[in-house]
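Next come the chains, spelled out residue by residue.
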Amino acid sequence: MKRAKGKVKLICIVAFTILGLALLTGIETVTHHADAFSDGPPPGYSGAPGEQTCTNCHSGPTEGGTFAITPPQNYVPGQTYQITVRHENPDTTRDRWGFQLTALAGTAMAGSFSNLPGGLTQVVGGVGRDYIEHTSAGTFLGQTGSAQWTVNWTAPATDVGPVTFYSAGLQSDGSFSPNGDRTITATAMTPARSIESPFDFDGDRKTDIGIYRPIPSEWWINRSATSQTLALQFGASGDVIAPGDFTGDGKADITIWRPSNGFWFVLRSEDFSFFAFPFGAPGDIPVPADYDGDNKTDPALFRAASSLWFLAQSTAGTQIVQFGSAIDKPLPADYDGDGKADLAVRRPTGGNSEWWISRSTAGSLALVFGVETDLGVPGDYTGDGKTDIAFWRPSTGFWFVLRSEDFSFFAVPFGASGDVPAPGDYDGDGKWDRAVFRPANANWFIDRTTAGVQIVQFGATGDNPIPNSTVR
């Protein structure tokens, strides 16, 4: 913007097209012309709390057209997501477009923005807040009907609670006048994704030490929040344990699947009432997980004979998907960090261990990692919000983890032949811990990332550690 010399008072500080600015010098009113901000307004015009919008200078229609922000469904601290801002207006006189966007937790800046290639957006700094907005090329001069921009947003390094995106958009008539332009504001909110630990029965985001005693179908759980043991009988001989947070209260529900008739029995963590429903058939393998990203565990089954997955999603209904082969071991988990479990199998074949993963946002992945006799123990061992491909080698007690960040791997010895792997997040830091249960003396050995090795005696010979129920 050109600035007049002398003692002047700026009446209008932002515009999208070329504006006439009234400047006062003494008692005379002098009209000057200034270059407008078709190359992007200054900070502070997103419509966020305490800020102005394009109406500070522009006027025009107050109806017609839409403007929307598409944020991530939820966020994992430190992860980067793409956000889309989009205008739509069938009025063909709307032929130039603009926006400014910011992200706040309360009134504080949350995360940071960056541009995608193409030169359509730019990042500008404010006083305590940053913004991303159009460039001159990003006004799409002469384009009618719609316009949109896609930008990168990196979530805050820690969970700051819900983040609200604020944006003011301009649908200009391209007349190079501040009159006749349509201003619309939009907001959208995204919560932090609740990264719950697996097998957390008390809601403290830590995996609980627990065993299942097949006869007489007893559950013994050492709840980490209170150090109190929960003991109860639920199920019958021959049942398969399939715990998960089916009610969405942040606590795992004690759950069994009955192969003889395909019934699920879920003991609600809220009040210890239960419900049951039929889903599946003899020969199926229960693979409950959150397949639709609503923070509730969905009943699911893998039918190896036909390579079919049956997913009873709470928001999307039942889906049947063919993926895998008859020899595969199902290992569904969130391998791409979008909050949804991905279909995945480990295929022991030809002496090798092949991994086949159908990622919901990043495409399919196939690779060889390990040998036939290894056991799959995938989990987020690096804390980046994505499940790492991993296995435990019974013959040596070694853990091998393929980092999701760059597909490099590391190996750590922990355990011995005869142990039963029982991985989980026992210290609640968002990173999975290596752990084994030793049946000979009912000792647990847990390699916690924040507190070192813990040894606990819990259970008896013949018990099955609950966190081992997804190891294959």
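Our subject is the structure that appears above.
Along each chain, residues carry numbers from 1 onward, in the same order as the chain's sequence is written. Residue-level local features of this predicted model are given only where pLDDT is at least 70; pairs of side-chain atoms are given and counted only at 80 or more, and the full residue set underlies all totals for whole chains, interfaces and linings. To obtain the side-chain values, all non-hydrogen atoms of the structure were used and water was disregarded.

## Thoughts on the overall build of the chain
Working step 1: Numbering of helices and strands runs from the N terminus, with a helix taken as a DSSP run of H or I at least four residues long and a strand as a DSSP run of E at least two residues long. What the chain contains, in helices and strands, is zero helices and 36 strands.
Working step 2: Principal axes of the C-alpha set define a box for the chain whose edges measure 95 × 45 × 45 Å.
Working step 3: Looking at the chain residue by residue over its 472 residues, the buried ones come to 49%.
Working step 4: Contacts in the chain between residues at least 24 apart in sequence constitute 48% of all its contacts with a sequence separation of at least 6.
Working step 5: Charge assignment: positive for Lys and Arg, negative for Asp and Glu; neither His nor the chain ends contribute. Lys charges are placed at NZ, Arg charges at CZ, Asp charges at CG and Glu charges at CD. The average position of the 33 basic charges and that of the 50 acidic charges among the side chains of the chain differ by 3 Å. The cut-offs for exposure are 20% and 50% of the maximum accessible area for each residue type, with area from a 1.4 Å probe on protein chains only; residues under the lower value are buried, those over the upper are exposed, and the others partly exposed. Between two residues, a contact is recorded if the distance between any of their heavy atoms is within 4.5 Å.

## Here we look at the pattern of salt bridges
Working step 1: A pairing counts as a salt bridge when a side-chain nitrogen of Lys or Arg comes within 4 Å of a carboxyl oxygen of Asp or Glu. Per the counting criterion, the structure on display carries eleven salt bridges.
Working step 2: When the shortest N-O distance is used, the salt bridge between Glu 88 and Arg 86 registers 2.8 Å.
Working step 3: Salt-bridge contacts for Arg 94 lead to Asp 91; the nearest nitrogen and oxygen are separated by 3.7 Å.
Working step 4: Looking at Arg 94, the relative accessible area reads 5%, which means it is buried.
Working step 5: Residue Asp 91 is classed as partly exposed on the basis of its relative accessible area, which comes to 33%.
Working step 6: Through salt bridges with shared partners, one network takes in Arg 213, Glu 218 and Asp 463.

## Overview of unusual backbone geometry
Working step 1: The step from Ile 215 to Pro 216 runs through a cis peptide bond, and the omega angle for that step is 15°.
Working step 2: Along the chain, the position of Pro 216 falls in the loop between β13 (209–213) and β14 (218–223).
Working step 3: A positive phi angle, close to 60°, is found at Phe 199, a residue other than glycine.
Working step 4: Within the secondary structure layout, Phe 199 lies in the loop between β12 (182–190) and β13.
Working step 5: Of note, the phi angle at Asn 295 is positive, near 65°, even though the residue is not glycine.
Working step 6: Within the secondary structure, Asn 295 sits in the loop between β20 (285–286) and β21 (300–303).
Working step 7: Taking relative accessible area as the criterion, Asn 295 reaches 33% and is therefore assigned partly exposed.

## Looking at the packing of aromatic side chains
The geometry of two aromatic rings is summed up by the distance between their centres and the angle between their planes.
Working step 1: Ring pairs shown here join Phe, Tyr and Trp side chains whose ring centres sit within 6.5 Å, with only the six-membered ring taken for Trp; geometry is labelled stacked below 30 degrees between planes, edge-to-face above 60, and tilted in between. Per the stated rule, a full pass over the model turns up 21 aromatic pairs.
Working step 2: Centre to centre, the rings of Phe 275 and Phe 277 are 6.0 Å apart; their planes meet at 20°, and the pair counts as stacked.
Working step 3: Assessed through its relative accessible area of 25%, Phe 275 is described here as partly exposed.
Working step 4: Taken together, the aromatic side chains of Phe 369, Phe 391, Phe 398, Phe 400 and Phe 409 make up a single cluster linked through ring pairs.

## Describing the side chain of Gln 100
Working step 1: Mapped onto the secondary structure, Gln 100 falls in strand β5 (residues 96–105).
Working step 2: A 3.5 Å cut-off defines polar contacts: any pair of N or O atoms within that distance qualifies, except that in protein one atom must be a possible hydrogen donor and the other a possible acceptor, and neighbouring residues in sequence count only when both atoms are side-chain atoms. Separated by 3.4 Å, the side chain of Gln 100 and the backbone nitrogen of Gly 44 make a polar contact.

## Observations concerning the environment of Asp 328
Working step 1: Here Asp 328 lies in the loop between β23 (317–322) and β24 (329–330).
Working step 2: Between the C-alpha atom of Asp 328 and that of Thr 387, which follows or precedes it by 59 residues, the distance is 19 Å.
Working step 3: For Asp 328, the residues in contact, after removing those within four places along its chain, are Phe 302, Val 345, Arg 346 and Arg 347.
Working step 4: Only 2.5 Å separates the side chain of Asp 328 from the backbone nitrogen of Ser 325, close enough to count as a polar contact.
Working step 5: For Asp 328, the side chain forms a polar contact with the side chain of Arg 347, separated by 2.6 Å.

## Considering the sheet that holds β20
Working step 1: Spatially, four strands are ordered β20-β21-β22-β23 in an open sheet, and the strand pairing comes out antiparallel. A strand with exactly one partner marks an edge of an open sheet, and here the two such strands are β20 and β23.
Working step 2: Here β21 runs beside strand β22 (residues 308–313); their pairing, made up of four bridges, is antiparallel. If you follow Phe 302 over to β22, its bridge partner there is Trp 309. Criterion used throughout: strands pair if DSSP finds at least two bridges between them.

## Observations concerning the nonpolar core
Working step 1: Buried Ala, Val, Leu, Ile, Met, Phe, Trp, Tyr and Cys residues form a nonpolar core when they are joined through side-chain atoms within 4.5 Å. In this structure, Leu 101, Trp 153 and Phe 165 are the most contacted members of the largest nonpolar core, which totals 27 residues.
Working step 2: Listing elements by their share of this core, those giving two or more residues are β3 (66–70), β4 (80–89), β5, β10 (145–154), β11 (163–172) and β12.
Working step 3: The element best represented in this core is β5, accounting for five residues.
Working step 4: What Phe 165 contacts, discounting residues up to four positions off in sequence, is Ile 69, Pro 71, Pro 72, Ile 83, Leu 101, Thr 102, Ala 103, Trp 153, Ala 186, Thr 187, Ala 188 and Thr 190.

## Comments concerning the pairing of β4
Working step 1: The two faces of β4 differ: Tyr 81, Ile 83, Val 85, His 87 and Asn 89 on one face are buried, but Thr 80, Gln 82, Thr 84, Arg 86 and Glu 88 on the other face are not.
Working step 2: Relative to β4, β3 runs antiparallel, the two sharing five bridges. In the strand pairing of β4, Phe 67 is matched with His 87.
Working step 3: Alignment of β4 against β10, held across ten bridges, turns out to be antiparallel. Within the sheet, the bridge partner assigned to Thr 84 lies in β10 and is Thr 150.

## Quick word on the sheet that holds β14
Working step 1: Taken together, four strands build an open sheet; the order of strands is β15-β14-β13-β36 and the sheet is antiparallel. A strand with exactly one partner marks an edge of an open sheet, and here the two such strands are β15 (228–233) and β36 (464–465).
Working step 2: Direction of pairing for β14 relative to β15: antiparallel, over a ladder of six bridges. Paired with Arg 223 across the strands is Gln 228, a residue of β15.

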